[in-house]
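Observations on the three-dimensional arrangement
Below are the chains, spelled out letter by letter.
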Amino acid sequence: MWLYEKKLEVPVRVCGPNPRLAKYVITQYGGPEGELSASLRYLNMRYSMPTNKAKGVLTDIGTEELAHMEIVATLVYKLLEGASIEQIKAADLGAHYADHDRALWWENAAGVPWVAAYVSATGDPVADLHENLAAEQKARAVYENLIHLSDDPEVTNVLRWLREREVVHFQRFGETLMDVQEHMRQKKFY
């Protein structure tokens, strides 16, 4: 198992209530390229990996993505904390508020709820690792888009940190892909 420290990987601060920015950031909580999808994808795929190293990498990154989901949730919560109903309505979050108040919900920036179809797994380790490489690049791109949309320097700092972790994950999956391909060549799968 792993040790859980009751602190976030990175401090999360915001300059004040900002429902408009919360509406954008929530996509990394429950959108197709978000942290929930990533964590579930990797924790599920680890079972079909042929090496212990690959299983370990997927477990490590999958649990880190859960921690990132917690960071994104904290960002959204803090951006909504203290926001007036008028601010919430002005940010077009009235539908979210009607169903959830200020509670977190797995949805994208347009308010579309998370669905399991966001998570893929073929059982082919090479195909699945390529999927993971693509997923990390898509998540990095979404974080870059959010950085461009952010008008809160504290939020921007957290988004930059999360974006850099996506780059590290991409690198680790690339190393893992080479390791798995070498293992499969030795087993004469190709």
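Okay, so let's go over this structure. (Residues numbered from 1 in each chain as written. Predicted model: local features only at pLDDT ≥ 70, side-chain atom pairs only at ≥ 80, totals over all residues. Heavy atoms only, no water.)

**Focus: helix 4 (residues 52–80)**
An ideal rise of 1.5 Å per residue puts 42 Å on 29 residues; helix 4 measures up with 42 Å between its terminal C-alpha atoms. At the exit of helix 4 stands Gly82, carrying a positive phi of roughly 80 degrees. (Helix = DSSP H or I, 4+ residues; strand = E, 2+ residues; numbered from the N terminus. Expected span 1.5 Å × (residues − 1).)

**Some thoughts on the packing of helix 7 (residues 125–149) against helix 8 (residues 153–186)**
How two helices sit against one another is set out by the angle between their axes and by the gap between those axes. Across the interface, helix 7 lies against helix 8 with an axial gap of 9 Å and an inter-helix angle of 165 degrees. The angle between the axes of helix 7 and helix 8 places the two elements in the roughly antiparallel class. Helix-helix and strand crossings are classified by hand; for helix 7 and helix 8 the assignment is left-handed. Considering only residue class, the contact of helix 7 with helix 8 consists of 16 nonpolar, eight polar and six charged. (Axes fitted to C-alpha atoms, helices over the stretch in contact; angles between N-to-C directions. Parallel < 35°, antiparallel > 145°, perpendicular 65-115°, else oblique. Left-handed = near helix turned anticlockwise from the far one by under 90°. Nonpolar A, V, L, I, M, F, W, Y, C, P; charged D, E, K, R; others polar.)

**As for the nonpolar core**
Soluble globular proteins tend to bury their nonpolar side chains together. Counting residues in each nonpolar core, the largest one holds 28 residues, and the members touching the most others are Val25, Val72, Leu75, Val76, Val155, Val158 and Leu159. Contributing elements (two or more residues each) for this core: helix 1 (19–25), helix 4, helix 7 and helix 8. Among the elements that make up this core, the one with the highest residue count is helix 4 (eight residues). Apart from residues lying up to four places away in sequence, Val76 is in contact with Ala22, Val25, Ile26 and Leu104. Counting residues in each nonpolar core, the second largest holds 16 residues, with Ile61, Leu129, Val180 and Met184 among its members. (Core = buried A, V, L, I, M, F, W, Y, C linked by side-chain atoms within 4.5 Å. Buried < 20%, exposed > 50% of the residue type's maximum accessible area, 1.4 Å probe, protein only. Contact = heavy atoms within 4.5 Å.)

**Brief notes about the environment of Met184**
Looking at the element boundaries, Met184 is found in helix 8. You can call Met184 buried: its relative accessible area is 9%.

**A look at the packing of helix 3 (residues 35–45) against helix 4**
Their axes nearest at 8 Å, the elements helix 3 and helix 4 cross at an angle of 160 degrees. Taken together, the axis directions place helix 3 and helix 4 in an arrangement best described as roughly antiparallel. Along this stretch, helix 3 crosses helix 4, giving a crossing that reads as left-handed. Of the residues in helix 4, those touching helix 3 at Glu35, Leu36, Ala38, Ser39, Tyr42, Leu43 and Met45 are Leu58, Thr59, Ile61, Gly62, Thr63, Glu65, Leu66, His68, Met69 and Val72. When its residues are assigned to classes, the contact of helix 3 with helix 4 shows ten nonpolar, five polar and two charged.

**A closer look at the side chain of Asn18**
With respect to the helices and strands, the residue Asn18 is situated in the segment before helix 1. Dropping the residues within four chain positions of it, Asn18 is found in contact with Leu79 and Asp151.

**What to know about unusual backbone geometry**
Its identity as a non-glycine residue notwithstanding, Asp92 has a phi of 60 degrees, on the positive side. Within the element layout of this structure, Asp92 appears in the loop between helix 5 (85–90) and helix 6 (94–100). Here Asp92 falls in the exposed class, since its relative accessible area comes to 57%. Backbone geometry places Asp101, a non-glycine residue, at a positive phi of 55 degrees. With respect to the helices and strands, Asp101 occurs in the loop between helix 6 and helix 7. The exposure class of Asp101 is partly exposed, given its relative accessible area of 39%.

**Considering the packing of aromatic side chains**
We describe a pair of aromatic rings using the distance from one ring centre to the other and the angle between the two ring planes. Within the structure shown, the criterion is met by four aromatic pairs. An angle of 5 degrees between the planes, with centres 5.6 Å apart, marks the rings of Tyr29 and Trp106 as stacked. In this pair, Tyr29 sits in helix 2 (residues 27–30) while Trp106 sits in the loop between helix 6 and helix 7, placing the two residues 77 residues apart along the sequence. Of the residues examined, Trp106 reaches a relative accessible area of 32% and is grouped as partly exposed. Through pairs of rings, three or more aromatic residues link up here, namely Tyr29, Trp105 and Trp106. (Phe/Tyr/Trp six-rings, centres within 6.5 Å; stacked < 30°, edge-to-face > 60°.)

Shape descriptors only; they carry no functional weight alone.
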